[in-house]
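Commentary on secondary and tertiary structure
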Amino acid sequence: MRPQLSPLFTLTALLCLPVFAQAIGTFSGTVKDPQGAVISGARISARNDATSETGTATTDAQGRFSIINLPIGNYTITVSRDGFKPTEQKIIIQDQRTTNLDITLDIAEVRSEITTVARGSIKPNTEPNYRALRDGQPGETYTVTNLTLKRDVMTLTLKSGRISFTPPVLGRSAVAVFAGEGELSLDPFLFIEREQLKMITGKETFAESFTRLVLYFSDNTFDEVKKHGKAAGKADNQLFEALRDVQDRMRNHERGTGENIEAEILADLLNPNRSPSFNAFIDAEKHHQLVFQLRPQGAIDSEEVLLLNLDWQAKDAGFLYASHLDTEWKAGTASSGEDKRIVDAIH
């Protein structure tokens, strides 16, 4: 006859059985681009080669990620992010250990096809937002006193006068014209650039008074003016004339740069991921056709900041200043090897 075991004995025996925990580890790291900048929003997948069990994570604002509680074993790691080539790597997860791995994603190659159509099938200059930028007239107007617009190494001080904006395009004001008393000053950051400016103008810095100013911008210039100015009703004839003079000059290849400034600004407005630009056309006391450009996408070649004298009859016509962003020099990241092209035709 088999002896009967009491319930208490059975429970005690079960509690005394050894418990074997599953061996697990952690996988973490950082995702960066080829220049070493961190990539946020990258998707990481860790798939166990034996069981196909998968753990996932997404990089944070610092490009970091971590996947915990992965059973030990061999894993295939897949990393992807829009705009970059996906990559795949093999790792081994070991018990109670953290496997760290820094991952670099190469930028994806973008290819586009351009299809030409029959001549005359599309009317030129008919895009409505482009026409609005090109045809807009001064409207919303403010009086300003000692308003300072600091852009990189250039400072524009609107001492007194009126500034008017053309109607917004895509919900944003992008063109302004000023008439009154103003002053500009440019103070280069590097010694070599100060010396270069001195060779051209006789001084290490550049300063001059102006009476008229036309701005094309995609930054917060409108908000700055509205915050410090006072509403002044409608624009006067002086403001209309100042804008018309600059437009006529810029659209004349012999007198201007031949650049389509409205198309440049429209590109900024259509792509909010582009860093904002600021362009000033200045009727100064001595130099009546000055142009200042702050363009993170490149004002000329790899340089983003430019001061140009468009009076081609003047002794100092041409470039007065061309350099990288002031913030890049201070951070030690300025490079003439930058490629600012957004399109590279290879075939």
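Scroll up a little and you will see the structure.
Moving on to helix α5 (residues 237-250). Helix length check: α5 (14 residues) gives 20 Å between terminal C-alpha atoms against 20 Å at 1.5 Å per residue, within 8%. Leu239, Ala242, Leu243, Val246, Gln247, Arg249 and Met250 are the residues of α5 that are buried. Tucked into the core, α5 has its buried residues touching α2 (128-135), β8 (140-151), β9 (154-165), β10 (175-186), β11 (206-217) and β13 (278-284).

The next subject is the nonpolar core. By size, the foremost hydrophobic cluster in this structure holds 34 residues, and its most contacted members are Leu156, Ile163, Leu184, Phe210, Leu213, Leu215 and Ile282. In this view, leucine 215 contacts Leu149, Leu156, Ala174, Val175, Ala176, Thr221, Phe278, Asn279 and Ala280; residues no more than four positions away in its chain are not counted.

Moving on, we get to the sheet that holds strand β7 (residues 98-104). Taken together, the 3 strands give an open sheet; going across it, the order is β4-β1-β7, and neighbouring strands pair in mixed fashion. Where the open sheet ends on each side, the last strands, each with one partner, are β4 (64-71) and β7. Going from strand to strand, the sheet's axes swing by 20° on average, the running direction of each strand aside. Where strand β1 (residues 24-32) and β7 come together, 7 bridges link them in parallel fashion. When the bridges of β7 are listed, phenylalanine 27 appears paired with threonine 99.

Reading the values: the criteria
Residues numbered from 1 in each chain as written. Predicted model: local features only at pLDDT ≥ 70, side-chain atom pairs only at ≥ 80, totals over all residues. Heavy atoms only, no water. Helix = DSSP H or I, 4+ residues; strand = E, 2+ residues; numbered from the N terminus. Expected span 1.5 Å × (residues − 1). Buried < 20%, exposed > 50% of the residue type's maximum accessible area, 1.4 Å probe, protein only. Contact = heavy atoms within 4.5 Å. Core = buried A, V, L, I, M, F, W, Y, C linked by side-chain atoms within 4.5 Å. Pairing = 2+ DSSP bridges. Axes fitted to C-alpha atoms, helices over the stretch in contact; angles between N-to-C directions.

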